[in-house]
Amino acid sequence: MTQRAKIDTDSRGTAGGGPPVEHRPAGLTSAEVAERVARGEVNDVPVRSSRSAVDIVRANVFTRFNAIIGVLWVIMLFVAPIQDSLFGFVIVANTGIGIIQELRAKKTLDGLAVIGEAKPTVRRDGTAAELSTSEIVLGDLIELGPGDKVVVDGVVAEADSLEVDESLLTGEADPVVKKPGDPMMSGSFVVAGGGAFTATKVGREAYAAQLAEEASRFTLVHSELRSGISTILKYVTWMMIPTATGLIISQLIVKDTNLKDSIARTVGGIVPMIPEGLVLLTSVAFAIGVVRLGRKQCLVQELPAIEGLARVDVVCLDKTGTLTEGGMDVTALRPLNGSDEAYVRKVLGALGASDPHPNASLQAIIEAYPDADGWRCTDALPFSSARKYSGATFDEGGGEESSWLLGAPDVLLEAGDPALAETDHLNEQGLRVLLLARTDREPGAPGAAEAARPAALVVLEQRLRPDASDTLAYFADQNVATKVISGDNAVSVGAVAGKLELPGAEHTVDARTLPEDREKMAEVLEENAVFGRVTPQQKRDMVAALQSKGHTVAMTGDGVNDVLALKDADIGVSMGSGSEATRAVAQIVLLNNSFATLPSVVAEGRRVIGNITRVATLFLTKTVYSVLLAVLVVCSQVEYPFLPRHLTLLSTLTIGVPAFFLALAPNKERAKPHFVRRVMRYAIPGGIIAGAATFTTYLLARHHYSGADALGAETSAATLTLFLVSLWVLAIIARPYTWWRLALVATMAGAFLLVLVVPWLQDFFALKLVGTTMPWAAVAIAATGAAVLEVAWRWVDRRFPA
């Protein structure tokens, strides 16, 4: 049974939401607040939207591969010319870029978090004011209304039909009715009614404080992209250990060569095995994504949400506040059964005044009928999404008393009632209709709805968002299925969807007819696009049903009835003007309340994932051919062909510089799963072909050249082959071509050619092609390698589709 609160008339004589203002607790005084602050009894939980600057620096500097490269760099500074230590300076520069970009992202996130921060209303010295959560002190009196999140633990001091959802903490789906003296747990939220509670536990003592702090942290983990990269790096580490050990033994012990030269060539074999720039570019791509979205007033509360929304193939939209704007207008009042219109207007005015926390529909009624005419509210039932109606009992004066309900006609009326036909006609026009009905019972009593007698239909018009149609068209173009899920009348929801040209709007489903079985529900959901009369629990069930079919689901919403579904969806998106509860559980908050921002988030995620997949192939192709070359050198008992300077040059021209541009380029391809498999299926054949072609050239050069400078000539020929094959890998990765992608590949080729023809660059990088036979042989081998590469990658596409 629903609990009700008796409500007295306030000092103005209208139906108020609680005791007279002068009898309400005044809250703490300024002196009491100062005293508690001095004692440290403040809500000092740091609400952080991002990692601290120290954490960012530590995460970028102190990595496993930075440690390996750092040791090798120090060694090279002592045993070789500065040219062979360039790789160390590149790592320093890369680390610096990563730190700067993440600090930029942190600044953006922190600024947006302040804008989107929940500000509870606190009563002090008898005056209510919005404060940040960190300003709350022990004993503060905090006011609550529908959608407000309980930010600290406390005890109820005032209750006006107060119903609280504690499902995020306890798992219990049904709202809990709260009375004065009942406990309030932080992390719960108000679904109906209002009141106030006294803070008894603040800061880290509060029940949900640690969870809230953890959930609000900026994080770069828990995403397929980053976990995939971590998996790859783990295997690379295991490959490196035996390969590097064998290379060290081969170059320092087996071959009787100059010690310093042997050390330099050993380091030259180990360094390229490390895909050191891959993690950096992933962090930079994510960080730049945050900054770009921040400029569009989009707060990404959990960074992997950028990636997650790019993987989404179903978007569930709540109609009110997402497809329509929050406000409504009363366009008509249609009395029923001979009701007097003037009397009906009085009833509506009194109902509006009886609720201190009106929703959008009731607010429109208040604006249309502001006169409560002195009626006294003796009992009130606030609106609930699960119940679909609100109500109140009034003392009209002169001993007259009446009870009224205001809500969904198809919930309050029996099937076949003549008023439903008129309601359906209005709903077909996309209008929202509420029924005002008189009942002989108290509003919250059992059977009150069954005893209702229709008195009038209140017709409201919702304002469509001007950008909603284009946004829906974008999702359709991107093969993302759109499901409109609303608590409103199914016909009305279908009409709104039809105005927005949503496919399937003509076949609207009333959620009350949905099967409870998850498998059967999923089938209905996949076949239809528009659903009305959906309860909050059904929204949650519908998300789970879609997920059971393998869909990645995003849910948008702004009201408390959306919270459970937002929490369970793969990606929750809240409007900035939505309730505190929805903003708290959503991963993405659209601070400008614009549904049209969603395509930008999707596009940003696709850009990040698609481009990181591209550049990861570049980095890991280098790792594969480096390991293969080291193994071939160990098995053949020959000198390692390259010095660090050669591989620094190759890495810069075929990976480092191109990867930076490719990682930040536009990319609209929908994200696909199995990141590791998709990258390695190209990197392994690409690396094997590049390594084999290079070693073939090296062995031919060893037989062709002789004399004191033979090793330098052999290295130059091998370097030419490796560059050309690596450049072809880059050319394949850069497809489909645009003018700037072709210019990028051509510029890298030109830069290498410059090194080969400018004398001082030849000396600096120890690259000088000797004769014509071996250089042209190197080109021919590279061309053969490129042709084999094309065939191999096309075979991989057919044999191992993504």
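Residues numbered from 1 in each chain as written. Predicted model: local features only at pLDDT ≥ 70, side-chain atom pairs only at ≥ 80, totals over all residues. Heavy atoms only, no water.

Participant: Mind showing me how you'd approach the overall build of the chain here?
Facilitator: In terms of helices and strands, the chain carries 27 helices and 21 strands. Relative to its 802 residues, the chain shows a buried fraction of 56%. Pairs at least 24 apart in sequence give 73% of the contacts found in the chain among residues at least 6 apart. (Helix = DSSP H or I, 4+ residues; strand = E, 2+ residues; numbered from the N terminus. Buried < 20%, exposed > 50% of the residue type's maximum accessible area, 1.4 Å probe, protein only. Contact = heavy atoms within 4.5 Å.)

Participant: Sorry, what's going on with the environment of V202 here?
Facilitator: With respect to the helices and strands, the residue V202 is situated in the loop between strand 7 (189-201) and helix 6 (209-215). Residues V202 and V137 lie 65 residues apart in sequence; the distance between their C-alpha atoms is 6.9 Å. Beyond its immediate stretch of four places on either side in the chain, V202 contacts E41, V42, N43, I136, V137, L138 and V152.

Participant: Any chance you could explain helix 18 (residues 536-548) here in plain terms?
Facilitator: At 3.6 residues per turn, the α-helix brings residues three or four places apart onto the same side. The end-to-end C-alpha separation of helix 18 is 19 Å, in line with the 18 Å expected for 13 residues at 1.5 Å each. Those residues of helix 18 not exposed but buried are P536, Q538, K539, R540, M542, V543, A544, A545 and L546. Buried residues belonging to helix 18 abut strand 9 (314-317), strand 16 (481-485), helix 17 (518-527), strand 18 (530-532), strand 19 (553-557) and helix 19 (563-568). At the C-terminal side of helix 18, G550 shows a positive phi close to 85°. (Expected span 1.5 Å × (residues − 1).)

Participant: Would you explain the sheet that holds strand 16 in this entry?
Facilitator: In any sheet, the strands associate via hydrogen bonds between backbone groups, in a parallel or an antiparallel arrangement. With mixed pairing, the eight strands of this open sheet are ordered in space as 8-21-20-19-9-16-18-17. Two strands in the sheet have a free side with no partner beyond their single neighbour: strand 8 (298-300) and strand 17 (509-510). Pairing analysis gives four bridges linking strand 19 to strand 20 (residues 571-575), with the strands arranged parallel. By the bridge assignment for strand 20, G557 is matched with S574. Where helix 16 (residues 490-499) meets the sheet, its contacts fall on strand 16, strand 17 and strand 18, and the angle it forms with strand 18 comes to roughly 145°. (Pairing = 2+ DSSP bridges. Axes fitted to C-alpha atoms, helices over the stretch in contact; angles between N-to-C directions.)

Participant: Looking at this structure, how should I read unusual backbone geometry?
Facilitator: Here the residue pair R735 and P736 is connected by a cis peptide bond, since its omega of -5° sits within 30 degrees of zero. Its place among the elements puts P736 in the loop between helix 24 (710-733) and helix 25 (739-757). Phi is positive for N479, which is not a glycine, with a value near 60°. For N479, the position within the fold is in the loop between helix 15 (468-477) and strand 16.

Participant: Would you take a moment to explain the packing of aromatic side chains for this structure?
Facilitator: For the structure on display, the rule yields nine aromatic pairs. Each ring, one from Y343 and one from W375, has its centre 5.7 Å from the other, and the planes form 50°; the classification is tilted. Of this pair, Y343 sits in helix 11 (residues 341-354) while W375 sits in the loop between helix 12 (360-368) and strand 11 (376-381); the two residues are 32 residues apart in sequence, bridging distant segments of the chain. Look at Y343 and you get partly exposed, because its relative accessible area is 23%. Residue W375 is classed as buried on the basis of its relative accessible area of 5%. Taken together, a centroid distance of 6.2 Å and an interplanar angle of 85° make the contact between F660 and F661 edge-to-face. The class of F660 is partly exposed, set by a relative accessible area of 33%. (Phe/Tyr/Trp six-rings, centres within 6.5 Å; stacked < 30°, edge-to-face > 60°.)

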